[in-house]
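As a plain string of letters, each chain reads:
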Amino acid sequence: MSQPPLRLYSYPACGTCRKALQWLAQQGFSVQAGSLELVDITRTPPSPAELRQAMAAVGRKRLFNTSGQSYRALGSTAVAALDDDQAIAALAADGKLIKRPFAITASGAVLVGFKPEEWQAALG
């Protein structure tokens, strides 16, 4: 397959994640074909190294799932007070803090949230 493999961190109960998976299937990505690695973000969050890579690519603010319960429990003021290392540690410890879906291509491109045009540009 000419498309690079993709690691997708998602949450089965997340509607946006399901939309992304449906879109990926239409683009020919699948676990069965070996072009997609699907990871439950709540059980296995991205590693600190992957989160640093994402922070450099999309910025710190886009990494946080600001509408989630974990974020609301911490509070926006507490999150804003974290330095980058603390933010990475918090995200790596609780996958529900991370905006979903979260994807990394074999070439190192990072996709956070699901915007079909962004995903098409990175994966097309």
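Shown above is the structure to which this text applies.
As a starting point, this report considers the structure included with it.

So, how was this worked out
Residues numbered from 1 in each chain as written. Predicted model: local features only at pLDDT ≥ 70, side-chain atom pairs only at ≥ 80, totals over all residues. Heavy atoms only, no water. Helix = DSSP H or I, 4+ residues; strand = E, 2+ residues; numbered from the N terminus. Rg over C-alpha atoms; globule rule 2.2 N^0.38 Å. Buried < 20%, exposed > 50% of the residue type's maximum accessible area, 1.4 Å probe, protein only. Contact = heavy atoms within 4.5 Å. Areas by Shrake-Rupley, 256 points an atom, 1.4 Å probe, with all protein chains shown as cover. Lys, Arg positive; Asp, Glu negative; His and termini not counted. Charge placed at Lys NZ, Arg CZ, Asp CG, Glu CD. Pairing = 2+ DSSP bridges. Axes fitted to C-alpha atoms, helices over the stretch in contact; angles between N-to-C directions.

1. So, the overall build of the protein
Stage number 1. A count of helices and strands for the protein gives seven helices and four strands.
Stage number 2. Mapped in sequence order, the helices and strands of the protein form the string β-α-β-α-α-α-α-α-β-β-α.
Stage number 3. A globule of 124 residues ought to have a C-alpha radius of gyration of about 14 Å, and the protein, at 14 Å, matches this closely.
Stage number 4. When its C-alpha atoms are laid out on the principal axes, the protein stretches across 45 × 25 × 25 Å.
Stage number 5. Evaluated residue by residue, the protein yields a buried proportion of 38% over its 124 residues.
Stage number 6. The long-range share in the protein, meaning contacts at least 24 apart out of those at least 6 apart in sequence, stands at 70%.
Stage number 7. Element-wise, carbon and sulfur atoms account for 51% of the exposed surface of the protein, whose accessible area totals about 6600 Å².
Stage number 8. Counting 13 positive and 9 negative side-chain charges, the protein places the centres of these two groups 8 Å from one another.

2. A short note on the sheet that holds strand β4 (residues 110-112)
Stage number 1. Strand order in the open sheet formed by four strands is β2-β1-β3-β4, with mixed pairing between adjacent strands. Both edges of this open sheet fall to β2 (36-40) and β4, since each of them pairs with a single strand only. Adjacent strand axes in the sheet meet at a mean angle of 15°, parallel and antiparallel pairs treated alike.
Stage number 2. Bridging between strand β1 (residues 6-10) and β2 involves five bridges; their strand directions are parallel. What sits directly across from L8, in β2, is L38.

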